[in-house]
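Remarks on the overall topology
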Amino acid sequence: MTLGQITGVPILDYHRIVPASRFGAGDDRFGVNESAFRDQLRLLRDLKISAVTPEDIASGQLPSRSVALTFDDGYSSHYKIAFPGLSEFNVTATFFVNTSSIGTGEFLDWTMAAEMARGGMQFGSHAHNHVVLTTLNSKRVNEELRVSRQVLEQRLTSPVEALAVPYGFCDEHVLEAAWESGYRVVCTSKPWPAQKGERVLSRVGISRQTSLNDFRKLVEKDAAVYLRLWGRDRALAIPRYVFLRLRPELLGVRTAEDRH
Ligand SMILES: [Zn+2]
């Protein structure tokens, strides 16, 4: 039995892209192997699915079969591995970066980001610091969102209209701050296709656990696979909320108290 298709446009949410030689070496469960990533790009081409941006989805003007690719956290592997692959397959993507990390450690620097922007890639804000925005007071949420947008716009000289909330934690205050800071679109991490014409857009995570078969079902909006992911996400929502309040360190997230 099949449950059919869900309406909407899948927004895929990637983190690290890991070179084949290093895959499996670390414990990065959100990473995607370079060759799996290329298989996914090839499949999108074979299925004739166009890549659009979250802003396109919010505006509602879309080709009949579309998907958006997004990358979080601004890793340098996005420049070294994802960008060449995307360019080769002529696919656009949105990179959500923390402006405080750019140019440090394993992250992109401004030269890489500028080259990607010139090569047709979009940039969005992932806040200035990678911090749970719902744990900050409104003044600090505004600061996180305003500073990152300004810095990105100045450095890359193109408008920044999309925000992806760190760790997927979002509430009414964060949304309000986003609209006040000039964002048009907010991306979350609820595993469901985004709905055309809306400003708050769900995204589905792609990780090393996503088989090519699952990937195909996700981009073809197969209801059964989304219901499975949605059920798992809902089951974890309450424990995640409780841990965030009581023991955020167990979630491995950064909250208001951690910032100096
Ligand atoms: Zn993140």
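Described below are features of the structure shown in this document.

The rules behind each value
- Residues numbered from 1 in each chain as written.
- Predicted model: local features only at pLDDT ≥ 70, side-chain atom pairs only at ≥ 80, totals over all residues.
- Heavy atoms only, no water.
- Phe/Tyr/Trp six-rings, centres within 6.5 Å; stacked < 30°, edge-to-face > 60°.
- Helix = DSSP H or I, 4+ residues; strand = E, 2+ residues; numbered from the N terminus.
- Buried < 20%, exposed > 50% of the residue type's maximum accessible area, 1.4 Å probe, protein only.
- Axes fitted to C-alpha atoms, helices over the stretch in contact; angles between N-to-C directions.
- Parallel < 35°, antiparallel > 145°, perpendicular 65-115°, else oblique.
- Contact = heavy atoms within 4.5 Å.
- Nonpolar A, V, L, I, M, F, W, Y, C, P; charged D, E, K, R; others polar.
- Expected span 1.5 Å × (residues − 1).
- Arc of directions from axis to C-beta.
- Donors = N, O, S within 2.8 Å, 3.2 Å for Na, K, Ca; no water.
- Left-handed = near helix turned anticlockwise from the far one by under 90°.
- Bend = angle between axes of the 7 residues up to and from the residue.
- Polar contact = N/O pair within 3.5 Å; in protein donor to acceptor, adjacent residues only side chain to side chain.
- Salt bridge = Lys/Arg side-chain N within 4 Å of Asp/Glu carboxyl O.

1. Here's the deal with the packing of aromatic side chains
- Inspection of every chain in the model, using the stated rule, returns nine aromatic pairs.
- Here Tyr 14 and Phe 71 contribute two aromatic rings whose centre-to-centre distance is 4.9 Å and whose plane-to-plane angle is 15°, an arrangement assigned as stacked. Taken together, the residues span a long stretch of sequence, with Tyr 14 in strand 1 (residues 11–14) and Phe 71 in strand 5 (residues 66–72) at a distance of 57 residues. Phe 71 matches Tyr 14 in its accessibility class, with the two residues each being buried.
- Centroid distance Phe 71 to Phe 95: 4.8 Å. Interplanar angle 15°. Geometry classified as stacked. Here Phe 95 lies in strand 6 (residues 94–97) and Phe 71 lies in strand 5, a separation of 24 residues in the sequence.
- Residue classification places Phe 71 among the buried positions, given a relative accessible area of 0%.
- The buried category is assigned to Phe 95, whose relative accessible area is 0%.
- Among the aromatic residues, those joined into a cluster by ring pairs are Tyr 14, Phe 37, Phe 71, Phe 95 and Phe 123.

2. Let's talk about the packing of helix 4 (residues 110–118) against helix 5 (residues 138–156)
- Here helix 4 crosses helix 5 at 70°, and the two axes come no closer than 10 Å. One finds that helix 4 runs roughly perpendicular with respect to helix 5. Of the residues in helix 5, those touching helix 4 at Trp 110, Ala 113 and Ala 114 are Val 151, Leu 152, Arg 155 and Leu 156.
- Among the residues making up the contact of helix 4 with helix 5, the classes are represented as six nonpolar, no polar and one charged.

3. Details of helix 5
- For helix 5, which comprises 19 residues, the first-to-last C-alpha distance of 27 Å matches the rise-based estimate of 27 Å (1.5 Å per residue) to within 8%.
- Along helix 5, the residues classified as buried are Val 141, Glu 144, Leu 145, Ser 148, Arg 149, Leu 152 and Leu 156. The buried residues of helix 5 occupy an angular sector of 105° when projected down its axis, which confines them to one face. Exposed residues pointing more than 90 degrees away from the buried face of helix 5 are listed as Lys 139, Gln 154 and Arg 155.
- On its buried face, helix 5 sits against strand 6, helix 4, strand 7 (122–125), strand 8 (162–164) and helix 6 (172–180).

4. Observations concerning the coordination of the zinc ion
- Bound to the zinc ion on the protein side are Asp 73 (OD), His 126 (NE2) and His 130 (NE2), at distances that span 2.0 to 2.1 Å.
- Each donor residue of the zinc ion lies on the same chain, and together they follow the pattern D-x52-H-x3-H. The exposure classification of His 126 matches that of His 130, with both residues buried.

5. Topic: the packing of helix 3 (residues 76–88) against helix 4
- Interaxial distance between helix 3 and helix 4 falls to 9 Å at its minimum, and their mutual angle equals 40°. Handedness of the helix 3/helix 4 crossing: left-handed. Across the interface between the two elements, Ser 76, His 78, Tyr 79 and Phe 83 from helix 3 touch Met 112, Glu 115 and Met 116 from helix 4.

6. As for unusual backbone geometry
- For Asp 73, which is not glycine, the phi dihedral falls at a positive 85°.
- Notably, Tyr 167 is not glycine yet its phi reads approximately 60°, a positive angle.
- Considering the arrangement of structural elements, one finds Tyr 167 in the loop between strand 8 and helix 6.
- Residue classification places Tyr 167 among the partly exposed positions, given a relative accessible area of 30%.

7. Observations regarding helix 8 (residues 223–246)
- Helix length check: helix 8 (24 residues) gives 35 Å between terminal C-alpha atoms against 34 Å at 1.5 Å per residue, within 8%.
- Its axis deflected by about 35° at Ala 237, helix 8 carries its strongest bend there, up to four residues before the proline Pro 239.
- Taken together, the buried residues of helix 8 touch strand 11 (204–205), helix 7 (212–219) and helix 9 (248–251).
- The residue sitting at the N-terminus of helix 8 and contributing the capping side-chain oxygen is Asp 222; that oxygen lies 3.0 Å from the backbone nitrogen of Ala 224.

8. A few points about the pattern of salt bridges
- Tallied over the full model, the rule gives eleven salt bridges.
- Its salt-bridge partner being Asp 39, residue Arg 42 comes within 3.0 Å of it at the nearest N-O pair. Highlighted residues: Arg 42 and Asp 39, both in helix 1 (residues 34–46), separated by three residues, approximately one helical turn.
- A salt bridge links Arg 149 to Glu 153, with the shortest nitrogen-to-oxygen separation between them at 3.5 Å.

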